[in-house]
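Report on the structure
So you can see what is in the structure, the chains are spelled out below.
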Amino acid sequence: MKLNEAVVALSALAQESRLAVFRLLVKAGDEGYAAGEIAQKLGIPSATLSFHLKELAHAGLVNSRKDGRFIIYSMNSQGINCLMGFLIEDCCEGRPELCITAKCCDKPQKGKQPPKSTKARRKKIE
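Every value quoted in this text rests on a predicted model; they were computed, and no experiment measured them.

Analysis parameters
- Residues numbered from 1 in each chain as written.
- Predicted model: local features only at pLDDT ≥ 70, side-chain atom pairs only at ≥ 80, totals over all residues.
- Heavy atoms only, no water.
- Helix = DSSP H or I, 4+ residues; strand = E, 2+ residues; numbered from the N terminus.
- Buried < 20%, exposed > 50% of the residue type's maximum accessible area, 1.4 Å probe, protein only.
- Contact = heavy atoms within 4.5 Å.
- Areas by Shrake-Rupley, 256 points an atom, 1.4 Å probe, with all protein chains shown as cover.
- Core = buried A, V, L, I, M, F, W, Y, C linked by side-chain atoms within 4.5 Å.
- Pairing = 2+ DSSP bridges.
- Salt bridge = Lys/Arg side-chain N within 4 Å of Asp/Glu carboxyl O.
- Axes fitted to C-alpha atoms, helices over the stretch in contact; angles between N-to-C directions.
- Parallel < 35°, antiparallel > 145°, perpendicular 65-115°, else oblique.
- Left-handed = near helix turned anticlockwise from the far one by under 90°.
- Nonpolar A, V, L, I, M, F, W, Y, C, P; charged D, E, K, R; others polar.
- Expected span 1.5 Å × (residues − 1).
- Arc of directions from axis to C-beta.

Here's the deal with the overall build of the chain
- If you tally the helices and strands in the chain, you get six helices and three strands.
- Beginning at the N terminus, the succession of helices and strands in the chain can be written as α-α-β-α-α-β-β-α-α.
- Going through the 126 residues of the chain one by one, you find that 26% of them count as buried.
- Considering only contacts within the chain whose residues lie at least 6 apart along the sequence, 54% involve residues at least 24 apart.
- Element-wise, carbon and sulfur atoms account for 54% of the exposed surface of the chain, whose accessible area totals about 9,700 Å².

Structure below.
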């Protein structure tokens, strides 16, 4: 993945509704959802959803396919894998396995280090 492609993909995800759509489609896997189902599940008006789906498709993060009279949207696993690979390519001094973790972490505090005082450590132990 090239830098400009990564910027397009990250820009597409840097919006609350699009990120919610993306996460829903990732959970749905290859089966995906019809646009109407996505709109209903997330409470997004159809016209607005169409715009968001177009942005995600342009970024290479979602696919669409026709199924009868419906358009089904699903995650584009290749696009997602390329973006993730780009993000961790140079991670951790050439050791990207250090960047990947299965467990979620708490929301990181911006620019703050955890306290190192004895009192803080005692509270953590208790």
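Overview of the nonpolar core
- Grouped together as the largest cluster of nonpolar side chains are 23 residues, with contacts concentrated most on Val-21, Leu-25, Ile-38, Leu-49, Leu-53, Leu-56 and Leu-61.
- Of all the secondary-structure elements, those providing two or more residues to this core are helix H1 (3-13), helix H2 (16-28), helix H3 (35-42), helix H4 (46-58), strand E3 (70-75) and helix H5 (77-88).
- Top contributing element to this core by residue count: H2, with five residues.
- Beyond its immediate stretch of four places on either side in the chain, Leu-25 contacts Tyr-33, Ile-38, Leu-53, Val-62, Tyr-73, Ser-74 and Met-75.

Topic: the sheet that holds strand E1 (residues 33-34)
- The three strands are arranged E1-E3-E2 in an open sheet whose pairing can be described as antiparallel. One side of each edge strand has no neighbouring strand; the edge strands of this open sheet are E1 and strand E2 (62-67).
- Pairing geometry for E1 and E3, over two bridges, is antiparallel. Within the sheet, the bridge partner assigned to Tyr-33 lies in E3 and is Tyr-73.

Notes on the pattern of salt bridges
- Within this structure, the stated rule accounts for one salt bridge.
- Across the pair Lys-54 and Glu-55 runs a salt bridge, and its minimum N-O distance is 3.8 Å.
- Taking the relative accessible area as the measure of exposure, Glu-55 reaches 23% and is therefore partly exposed.

Let's talk about the packing of H3 against H4
- The N-to-C vectors of H3 and H4 enclose an angle of 110°; their axes lie 10 Å apart at closest approach. With respect to H4, the element H3 is oriented roughly perpendicular. You can see that H3 and H4 cross each other, and the crossing is right-handed. Here H3 contributes Ala-35, Ile-38 and Ala-39 to the contact with H4, which in turn contributes Ser-46, Leu-49 and Leu-53.
- Residue classes in the contact of H3 with H4 are distributed as five nonpolar, one polar and no charged.

Quick look at H4
- Here H4 spans 18 Å end to end across 13 residues, near enough to the 18 Å set by a 1.5 Å rise per residue.
- Listing the buried residues of H4 in full gives Leu-49, His-52, Leu-53 and Leu-56. The arc that holds the buried residues of H4, viewed along the axis, is 100°, so those residues lie on one side. Projecting away from the buried face of H4 at angles above 90 degrees are the exposed residues Ala-47 and His-58.
- In this structure, the buried residues of H4 make contact with H1, H2, H3, E2 and E3.
- Gly-60 sits one or two residues past H4 and shows a positive phi near 80°.

In short, shape yes, function no, at least from these values alone.
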